[in-house]
Amino acid sequence: MAVKQTGQLSLAEAFLGQKLAGGSSPLDRLSGLVKWYRFEKLLNPLRDGGPGRAAWPPLLLFKALLLQSLYGLSDRELEEALGDRLSFRRFAGLGLEESIPDHTVLSRFRNLLVGEGLMEKLFGELDRQLEKAGLILKRGTMLDATLIDAVSAPPTAERPSKDADARGVRRGKGDFTFGYKAHVGVDEGSGLIRTVITTPANVNDTVMADELVRGDEKAVWADAAYDTHARRARLKAEGRKPRIARRPNKHHPELPPRLKRYNRLIARRRAAVETTFATLKNRMKLTTIRYVGLAKAAAQVTMAAIAFNMRRWAAITG
């Protein structure tokens, strides 16, 4: 299959890009950090140019989807940005005069990633690069979860929802979310996401907790939603410190002062995980799942985690 030849920026284009960006932009720094050829090896089997057209290089399309996650863009907004933002073109590998992949190409490529089950492999590849760079500290893993709205409306008595996988959950008076939940394990100290799992919104936080633990950390930090005697005992037996906030039970409805102080210390240490969600939701606009179905929801969240870790890598080393 023919493959489009892209990325041949002229000397003038490269010079212009530096002048417009005021030197090295965050995207330029990121381009120099990541070993892209390792991602290319995973992506190369994906070739989709559509009927009668040359295929776009998969790495170029992957970089485009990273830009989409970094800046919280829809497929059409991404197409427009690739057309008029020089920094986006340089990052993706598009020359100034070259055509750009349209939103249908980007959508098909995302579907290919989901269909081939490549998202976890791509996330794992970046994790290996971050570890080799010495950025993952392994002092501890902070567990938490956040709700993300579905793009589809919830079901009513008259009609079902268009998203059969999304679920509703009520948290507090008048607080209702219909959608999905992103469960994450964040490396203490570096703030990098080490594990990410997406479920319907009604799955309890504690259900996915054990799958978020990597096994090489020295401690596990979590709020009281994750507290079980069995989990604490298992972590101790495995040589990890269970830094999990305690919660009252029917035998002890009121925590003693000692455990209340302990919980405050836990909350103080694990508060850093909120920065992760603030970046994902406020800066990267991961507030709505743009696509229908759990598989595509998980792909969007995992791509956001990859983009987040790349952003974090550039920030740590910049």
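Predicted model, so just to flag it, every value in this text is computed and none were measured.

Asker: Before we move on, could you go through the overall build of the protein chain and cite the residues and values that matter?
Answerer: On a plain count of helices and strands, the protein chain comes out with 13 helices and seven strands. The C-alpha atoms of the protein chain give 22 Å as radius of gyration, which agrees with the globular expectation for 318 residues (20 Å, within 12%). Projected onto its principal axes, the C-alpha positions of the protein chain cover 70 × 55 × 35 Å. For the protein chain, the proportion of its 318 residues judged to be buried stands at 48%.

Asker: If you had to explain the nonpolar core to someone new, which residues and values would you point to?
Answerer: Within the largest apolar cluster, 70 residues are counted, with the highest numbers of intra-cluster contacts made by F39, F62 and L113. Residue contributions to this core peak at 11 residues, all from helix α13 (residues 294-317). In contact with F39, other than residues within four places in its own chain, are V34, L59, F62, L122, E125, L126, Q129 and M310. Counting residues in hydrophobic clusters, the runner-up holds 12 residues, among them L143, A145, V213 and L235.

Asker: I'd love a proper account of the pattern of salt bridges, names of residues and values included.
Answerer: Summed over the entire model, instances satisfying the criterion amount to 16 salt bridges. Note that R194 is salt-bridged to D216, the shortest N-O span being 2.7 Å. Here D216 lies in the loop between α9 (209-212) and β5 (219-222) and R194 lies in strand β4 (residues 193-200), a separation of 22 residues in the sequence. For D216, a relative accessible area of 32% gives the class partly exposed. Linking R232 and D227 is a salt bridge whose minimum nitrogen-to-oxygen distance equals 2.7 Å. Relative accessible area serves as the criterion here: at 15%, R232 is assigned to the buried category.

Asker: Help me get a handle on unusual backbone geometry, residues and values and all.
Answerer: Of note, K138 is a non-glycine position whose phi angle comes to about 65°, a positive value. Within the element layout of this structure, K138 appears in the loop between α8 (119-132) and β1 (141-150). The phi dihedral of K285 is positive, around 60°, even though this residue is not glycine. Structurally, K285 can be placed in the loop between α12 (273-283) and β7 (288-289).

Asker: Break down helix α7 (residues 103-115) for me, with residues and values.
Answerer: Its 13 residues place the ends of α7 18 Å apart at the C-alpha level, agreeing with the 18 Å of an ideal helix rising 1.5 Å per residue. Of the surrounding secondary structure, the elements contacted by the buried residues of α7 are α3 (36-43), α4 (58-71), α5 (75-84), α8 and α13. With its phi angle positive at about 65°, G117 sits one or two positions after the end of α7.

Asker: How would you summarise the pairing of strand β6 (residues 241-244) if you had to cite specific residues and measurements?
Answerer: Side chains P242 and I244 project from β6 onto a buried face, and the interleaved K241 and R243 project onto a face without burial. Bridge count between β5 and β6: four bridges; the pairing is parallel. Note that in β6 the partner of V220 across the bridge is P242. With helix α10 (residues 229-237) bridging β5 and the parallel β6, this β-α-β connection has right-handed handedness.

What counts as what
- Residues numbered from 1 in each chain as written.
- Predicted model: local features only at pLDDT ≥ 70, side-chain atom pairs only at ≥ 80, totals over all residues.
- Heavy atoms only, no water.
- Helix = DSSP H or I, 4+ residues; strand = E, 2+ residues; numbered from the N terminus.
- Rg over C-alpha atoms; globule rule 2.2 N^0.38 Å.
- Buried < 20%, exposed > 50% of the residue type's maximum accessible area, 1.4 Å probe, protein only.
- Core = buried A, V, L, I, M, F, W, Y, C linked by side-chain atoms within 4.5 Å.
- Contact = heavy atoms within 4.5 Å.
- Salt bridge = Lys/Arg side-chain N within 4 Å of Asp/Glu carboxyl O.
- Expected span 1.5 Å × (residues − 1).
- Pairing = 2+ DSSP bridges.
- Right-handed = clockwise from strand over helix to strand, strands pointing away.

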